[in-house]
Amino acid sequence: AQSVAQPEDQVNVAEGNPLTVKCTYSVSGNPYLFWYVQYPNRGLQFLLKYITGDNLVKGSYGFEAEFNKSQTSFHLKKPSALVSDSALYFCAAMGGLGPGGSYIPTFGRGTSLIVHP
Amino acid sequence: SAVISQKPSRDICQRGTSLTIQCQVDSQVTMMFWYRQQPGQSLTLIATANQGSEATYESGFVIDKFPISRPNLTFSTLTVSNMSPEDSSIYLCSVDGGQSTDTQYFGPGTRLTVL
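Remember, predicted model here, so these are calculated numbers, not experimental data.

Draft legend 1. Region of interest: the overall build of chain A. In terms of helices and strands, chain A carries 0 helices and 12 strands. If you list the helices and strands of chain A from N to C, you get β-β-β-β-β-β-β-β-β-β-β-β. Taken over the C-alpha trace, chain A has a radius of gyration of 14 Å; the compact-globule value for 117 residues is 13 Å, and the two agree within 12%. For chain A, the proportion of contacts with a sequence separation of at least 24, taken over those separated by at least 6, is 58%. In the structure as shown, chain A presents an accessible area of about 5,500 Å², 50% of it carried by carbon and sulfur atoms.

Draft legend 2. Structural view of the interface of chain A and chain B. At the interface, 23 residues of chain A touch 23 residues of chain B. Summing both partners gives a buried area of about 1,800 Å² for chain A against chain B, and 53% of it is carried by carbon and sulfur. Scanning the region where chain A abuts chain B turns up 0 salt bridges. Remark: the boundary between chain A and chain B carries 5 residue pairs in polar contact (both at pLDDT 80 or more). If you list the elements that add at least two residues to the side of chain A that touches chain B, you get strand S5 (32-38), strand S6 (44-50) and strand S10 (87-94) of chain A. Grouping the constituent residues of the side of chain A that touches chain B by class yields 13 nonpolar, 7 polar and 3 charged.

Draft legend 3. Quick look at the state of the cysteines. All told, the structure shown has 2 disulfides over all chains when counted by the stated rule. Covalently, Cys23 of chain A is tied to Cys91 of chain A through a disulfide, its sulfur atoms 1.9 Å apart. For the disulfide bridge between Cys23 of chain A and Cys91 of chain A, the dihedral angle about the S-S bond is near -65°, and by the sign convention the bridge is left-handed. Of this pair, Cys23 of chain A sits in the loop between strand S3 (19-21) and strand S4 (24-26) while Cys91 of chain A sits in strand S10; the two residues are 68 residues apart in sequence, bridging distant segments of the chain. Here Cys13 of chain B is not disulfide-linked; the sulfur of Cys23 of chain B is the nearest cysteine sulfur, at 18 Å.

Cut-offs used in this document
Here the residue index of a chain counts from 1 through its sequence in written order. Throughout, the order in which chains and ligands are written sets their labels, letters from A for the former and numbers from 1 for the latter. The predicted origin of the model limits local features to residues at a pLDDT of at least 70 and limits the giving and counting of side-chain atom pairs to 80 or more, whereas totals for whole chains, interfaces and linings rest on all residues. For the side-chain quantities, the full set of heavy atoms in the structure was used; hydrogens and water were omitted. Helix and strand definitions follow DSSP, with helices as H or I runs of at least four residues and strands as E runs of at least two, each counted in order from the N terminus. What the globule rule says is 2.2 Å times the number of residues to the power 0.38, and the radius of gyration is computed from C-alpha atoms. Should any heavy atoms of two residues lie within 4.5 Å, those residues are counted as being in contact. All accessibility values rest on the Shrake-Rupley procedure with a 1.4 Å probe; residue burial counts only the protein chains present in the view. Buried area: the accessible area, evaluated with a 1.4 Å probe, that two parts lose upon being put together, summed over both parts. A pair is scored as a salt bridge if a Lys or Arg side-chain nitrogen falls within 4 Å of a carboxyl oxygen belonging to Asp or Glu. Any N or O atom pair separated by 3.5 Å or less is treated as a polar contact, with the protein-specific requirement of one donor-capable and one acceptor-capable atom, and with residues adjacent in sequence counted only for side-chain atom pairs. Following the grouping adopted for this structure description, the nonpolar residues are Ala, Val, Leu, Ile, Met, Phe, Trp, Tyr, Cys and Pro, the charged ones are Asp, Glu, Lys and Arg, and the polar ones are all others, Gly among them. Our working definition of a disulfide is a cysteine sulfur pair at a distance within 2.5 Å.

Below is the structure:
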């Protein structure tokens, strides 16, 4: 069975400082990994994904994530945080195709990122 | 990417009643998904809806409680039946981008409160 762990319920960081939101996963086979962001009263928005290739993946809004196979991790990072980055971040993972060829990932519990001015 | 809308955006309902949530996509998609996001918890997949066939429900979810319709390739509904306060959640509609994109796109969600 697939599983995703986000060990931190909340991450606090000062504006301008680097941020990291942690994610570890367990899937069968080669992982497909995703990060989504959810702003208050909004649906989830896709940030970035890792399928294959470079371990460092760049996504929207200056975010990036590093795939580490040996540690089964896919931490989300940003060099300089903005107050507007404050939101709920979800990591998701899957190890193969779902029924009918669709992709059904497992989501982590989410990490609330709070960026202080 | 797909643009997804949901109606209603929020509702407050009485125990024992039912609510139908609509999901509209701006393009034809094969698979549509319904998730539940309970307060402080992750997304839980309720069911997968294919056009023209019965929805496939995940463990812990049954058709009598969460009937789903999928009349065409751009629309689906989820009904939350005989509601109780434990059904208070955000309900999210999602579609996949097809085999060429491997990414899911989400609607804005329906925030349901059951009194």
